[in-house]
Amino acid sequence: QVQLVESGGGVVQPGGSLRLTCAVSGRTLSNYNAGWFRQAPGKEREFVAAIRWNGDSTYYTDSVKGRFTISRDNAKNTAYLQMNSLKPEDVAVYYCAVGARWGSRHPAEYRDWGQGTQVTVSS
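First, a word on what this report is: a plain description of the structure on this page.

## Some remarks on the state of the cysteines
Here comes step 1: Counted by the stated rule, this structure contains one disulfide.
Here comes step 2: For Cys-22, the disulfide goes to Cys-96, at an S-S distance of 2.0 Å. Handedness of the Cys-22-Cys-96 disulfide follows from its S-S torsion of about 60°: it is right-handed. Here Cys-22, found in strand 3 (residues 18–25), pairs with Cys-96, found in strand 9 (residues 92–98); they are 74 residues apart in sequence, far enough to count as distant.
Here comes step 3: Judged by relative accessible area, Cys-22 falls into the buried class, the value being 2%.
Here comes step 4: Its relative accessible area of 2% is what places Cys-96 among the buried residues.

Put into structure tokens, the structure is as follows:
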């Protein structure tokens, strides 16, 4: 059974940093592209970043470019999202997901999901 478990969320001040981790079990992560999404209260789940199965290519939504970095360690079956210069508008539950074709930004195209981790940015 596939399981994705996110961790690393929390409360930070504006300008602060967090590193989210997505640990995958039951599936070999190196076979799949991986992505991060987020969902703020009252809003739809939105794409944040994705990384190719071998880690050699990434893409981001415009609002996080230059601040967030997605990475992966296939040997550890783990994906990461480093978030710097956090803003109040980054507040959301963050989810990792795997299984979509390269270039996808739509949640429906990802097959497996974690349960999410809350990120709060507040002074």
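This is not the end of the story, as more comes after the structure.
## Considering the sheet that holds strand 1 (residues 3–7)
Here comes step 1: Pairing is antiparallel in the open sheet, where four strands are placed in the order 1-3-8-7. A single partner strand is all that each edge strand has here, and the edge strands are strand 1 and strand 7 (68–73). Neighbour-to-neighbour, the strand axes of the sheet open up by a mean angle of 15°, direction not taken into account.
Here comes step 2: Of the strand pairs in this sheet, strand 1 and strand 3 are connected by five bridges, and their pairing is antiparallel. Within strand 3, the position partnered with Glu-6 by the bridge is Cys-22.

Conventions and cut-offs
- Residues numbered from 1 in each chain as written.
- Predicted model: local features only at pLDDT ≥ 70, side-chain atom pairs only at ≥ 80, totals over all residues.
- Heavy atoms only, no water.
- Disulfide = S-S within 2.5 Å.
- Helix = DSSP H or I, 4+ residues; strand = E, 2+ residues; numbered from the N terminus.
- Buried < 20%, exposed > 50% of the residue type's maximum accessible area, 1.4 Å probe, protein only.
- Pairing = 2+ DSSP bridges.
- Axes fitted to C-alpha atoms, helices over the stretch in contact; angles between N-to-C directions.

Interpretation note: all reported values are geometric properties and have no functional meaning in isolation.
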